Amino acid sequence: MRIGVFGGTFDPPHVGHLLLAADARESLQLDRLIFVPAGAQPFKVDTPAVASPRDRLEMVRLAVSDDANYTVDDAEINRKGLSYTVDTLELLSGKYPGAKLFLLLGEDALGSFDQWRAPDRIRELATVAVMRRSASEAANTALPQGVLEVSARRVDVSSTEIRARLRAGKSIKGFVPEGVERFIDARGLYR
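Conventions used here
- Residues numbered from 1 in each chain as written.
- Predicted model: local features only at pLDDT ≥ 70, side-chain atom pairs only at ≥ 80, totals over all residues.
- Heavy atoms only, no water.
- Buried < 20%, exposed > 50% of the residue type's maximum accessible area, 1.4 Å probe, protein only.
- Helix = DSSP H or I, 4+ residues; strand = E, 2+ residues; numbered from the N terminus.
- Arc of directions from axis to C-beta.
- Contact = heavy atoms within 4.5 Å.
- Pairing = 2+ DSSP bridges.
- Axes fitted to C-alpha atoms, helices over the stretch in contact; angles between N-to-C directions.
- Salt bridge = Lys/Arg side-chain N within 4 Å of Asp/Glu carboxyl O.
- Lys, Arg positive; Asp, Glu negative; His and termini not counted.
- Polar contact = N/O pair within 3.5 Å; in protein donor to acceptor, adjacent residues only side chain to side chain.

**Student:** Help me out: how do you make sense of helix α8 (residues 159-167) in this one?
**Tutor:** Within the sequence span of α8, burial applies to S159, I162, R163 and L166. Along the long axis of α8, the arc covered by the buried residues comes to 100 degrees, so they all point the same way. In this fold, the buried residues of α8 make contact with α1 (15-28) and α9 (178-187). A positive backbone phi angle near 80 degrees is found at G169, which sits one or two residues after α8.

**Student:** Before we go on, may I ask you to explain the sheet that holds strand β6 (residues 148-151) in this structure?
**Tutor:** In spatial order, the strands read β3-β2-β1-β4-β5-β6; together these six strands make up an open sheet with parallel pairing. Of all the strands in the sheet, the pair left with one neighbour each is β3 (70-72) and β6. Averaged over neighbouring strand pairs, the angle between their axes works out to 30 degrees when direction is ignored. In the sheet, strand β4 (residues 100-106) pairs with strand β5 (residues 126-132) via six bridges, with the strands oriented parallel. In the strand pairing of β5, G106 is matched with M131.

**Student:** Just to check I follow, could you spell out α9 for this structure?
**Tutor:** Helical geometry note: an α-helix holds 3.6 residues per turn, so side chains three or four residues apart project in the same direction. If you check which residues of α9 are buried, you get G179, V180, E181, F183 and I184. Summarising the contacts, the buried residues of α9 are in contact with α2 (53-64) and α8.

**Student:** I'm lost on the pattern of salt bridges in this one. Help?
**Tutor:** When their charged atoms lie close together, side chains carrying opposite charge are able to pair. Here the structure, examined in full by the defined rule, presents 14 salt bridges. For E107, the salt bridge identified is with R132, shortest N-O distance 2.7 Å. Here E107 is found in helix α5 (residues 107-111), whereas its partner R132 is found in strand β5, with 25 residues between them in sequence. On the accessibility criterion, E107 (18% relative accessible area) is buried. For R132, a relative accessible area of 3% corresponds to the buried category.

**Student:** Any chance you could explain unusual backbone geometry here in plain terms?
**Tutor:** What you tend to see is this: most non-glycine residues have negative phi, and most peptide bonds are trans. Each neighbour pair has its own omega, and for D11 with P12 the value is 5 degrees, a cis peptide bond. By the secondary structure assignment, P12 is in the loop between β1 (2-8) and α1. One non-glycine residue with positive phi stands out, namely Y190, at about 65 degrees. On the basis of relative accessible area, Y190 is assigned to the buried category, the value being 6%.

**Student:** For this particular structure, what's the right way to read the side chain of E76?
**Tutor:** Checked against the element boundaries, E76 lands in helix α3 (residues 75-78). The buried charged residue E76 lacks any salt bridge partner; its closest oppositely charged side chain belongs to R79, at an N-O distance of 4.4 Å. Reaching out from E76, the side chain makes a polar contact with the side chain of T88 at a distance of 2.6 Å. Among all residues touching E76, those that are not within four sequence positions of it are V36, P37, A38, G39, S83, Y84, T85 and T88.

Without other data, these values stay purely geometric and don't point to any function.
Given below as structure tokens:
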């Protein structure tokens, strides 16, 4: 079994995340893709998520609920302290013995990868796959040995933009799945 692991803050999850996941699933021929909302990220201690961990977890569940190829793992939300990828991969490798894991990263995350906790162990547990959103990114940077490239479409939408639109009282229709939009509205998030 080939399993992709797609972590992030998802504050909120949006259609760009879903399109990147679809591109990774196709490119890497994944049997399953697991979304892992981060609890407390070591590199974002000074800029914590806006929505609570439980709200972000529920939004990710709503975002992927209609696709049987996607699941959500709550390990990082439930874990006390900082969320380290190596711990999550150790857990997932135990849950799915014999599966080939692929850690999906953005180009920005790859830049700091060697500063993560136990990067060598991460490479032992999973194949690192970088999602590149444009041909210009690929032309500017060679990937380290053993890192796969996932060519992904460019989607100009971000969680930051969505939060700003909501603060300004603008619509987010089309930016997030309908279930996520209803959840944000019902909870009054990002206002």
